[in-house]
Amino acid sequence: AGGGTASFFYHGELVFWDVRHPEQTIIVSLEDERYRKLIIEPQPRRPRCFVVAGTADFIGRRRGDLGDDEDAMSSVSLDRRRLGRTALEVTSLCLGTAPLGDMPEAFGFSVPEDRALATLRAAFSSPITFIDTSANYGNGTAERRIGVVLGEVGGLAPGRVLATKADRDMTTGDFSGDQMKRSVEESLQRLGLDQLQFVYIHDPEHTTFEHVMARGGALDVLQRLQRQGVIGDLGISGGPIDMLIRY
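Description of the structure in this document. Small disclaimer: the values here were computed from a predicted structure and weren't measured. (Residues numbered from 1 in each chain as written. Predicted model: local features only at pLDDT ≥ 70, side-chain atom pairs only at ≥ 80, totals over all residues. Heavy atoms only, no water.)

Before going further, it helps to examine unusual backbone geometry. Within the chain, Asn139 stands out as a residue other than glycine whose phi angle is a positive 50°. For Asn139, the location among the structural elements is in the loop between strand E10 (130-132) and helix H4 (141-153). Even without glycine at this site, Asp203 takes up a positive phi of about 55°. Along the chain, Asp203 turns up in the loop between strand E12 (196-202) and helix H6 (209-213). (Helix = DSSP H or I, 4+ residues; strand = E, 2+ residues; numbered from the N terminus.)

Bringing the sheet that holds strand E13 (residues 231-237) into the picture now. Pairing within the open sheet is parallel, and its five strands lie in the order E9-E10-E11-E12-E13. Single-partner strands in this sheet number two, and they are strand E9 (94-96) and E13. Each strand of the sheet is rotated relative to its neighbour by a mean of 25°, with strand direction disregarded. Judged from the four bridges that link them, strand E11 (residues 161-166) and E12 form a sheet pairing that is parallel. Looking at the pairing, Thr164 lines up with Val199 of E12. The strands touched by helix H5 (residues 177-191) are E11, E12 and E13; relative to E11, the strand with the most contacts, the crossing angle is about 145°. The sheet strands contacting helix H7 (residues 218-227) are E11, E12 and E13, and the helix crosses E13 at an angle near 155°. (Pairing = 2+ DSSP bridges. Axes fitted to C-alpha atoms, helices over the stretch in contact; angles between N-to-C directions. Contact = heavy atoms within 4.5 Å.)

Our next topic: the pairing of E11. Of all six residues in E11, six are buried; the element is thus mostly enclosed. Handedness of the crossover joining E10 and E11 through H4: right-handed. (Buried < 20%, exposed > 50% of the residue type's maximum accessible area, 1.4 Å probe, protein only. Right-handed = clockwise from strand over helix to strand, strands pointing away.)

Next up on the list: the nonpolar core. One broad trend across soluble globular proteins is that nonpolar side chains are buried collectively. Membership of the largest hydrophobic core comes to 29 residues, with the highest contact counts inside it found for Val184 and Leu222. At the level of secondary structure, the elements contributing two or more residues to this core comprise helix H3 (113-124), H4, E11, H5, E12 and H7. Beyond its immediate stretch of four places on either side in the chain, Leu222 contacts Ala166, Met180, Val184, Ile201, Ile231 and Leu234. Counting eight residues, the second largest nonpolar core, distinct from the first, contains Leu83, Val90, Phe130 and Val161. (Core = buried A, V, L, I, M, F, W, Y, C linked by side-chain atoms within 4.5 Å.)

We now examine the packing of aromatic side chains. Under the criterion given, the structure shown has three aromatic pairs. Both rings, one in Phe107 and one in Phe109, keep their centres 6.2 Å apart while their planes meet at 50°; by these two values the pair is tilted. Sitting above the plane of the Phe209 ring, Arg246 keeps its charged end 3.9 Å from the centroid. (Phe/Tyr/Trp six-rings, centres within 6.5 Å; stacked < 30°, edge-to-face > 60°. Lys NZ or Arg CZ within 6 Å of the ring centre and 35° of its normal.)

Relative to the helices and strands, His202 is located in strand E12. Side chain to side chain, His202 and Asp167 meet in a polar contact 2.5 Å long. Beyond its immediate sequence surroundings of up to four residues, His202 is in contact with Ser134, Tyr137, Lys165, Ala166, Asp167, Phe175 and Ser237. (Polar contact = N/O pair within 3.5 Å; in protein donor to acceptor, adjacent residues only side chain to side chain.)

Printed below as a string of structure tokens:
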């Protein structure tokens, strides 16, 4: 789906909702784990805030459908799985936060502070335990907003995982080891954390494999921070598949 499209499961149907054109919703009915029919229906009102929940096939519910029963919201569960080769256990659904960085140039719409914070508060009280962000989502705006809510709830609760990304300098393109260190330090400050559970090297297609792997390069510096306990686990995010396989 293109930028600005939210997707979620609702009463057994997979819904694609384009926030730029809320009058239309694409609904894909599911049967026997296959897409059986495609229906385009008018949607005169924007969907209210919803909670993604479910079992193996994810049953989504909008908050309004659950009424005032908060227990109904907290009683649903999501499958959990090990994240790669780490010891982290995460829900099979991860919440990405790029739009919460308020990047209208990328998504075609703006997300004001109050809406972003409300979304994050709902996320941190939802069954979703895995949240993904980046130092460069809105030049740090997404991380800063996450940090505000983490401050309200007293930090990351046990069992919740927050992944972020070490990024190049978006102005100069600097992808050096020193820039990765700056990126991590700025993320820690914005998020209000002493350690980052999981850090990706982000968008390595903007440099070379040799540059990332060189002594004093991006990976070397991040591994040093890992040994110091500043970073828990490392990964890589973005770029062509053949390049990712090489890493």
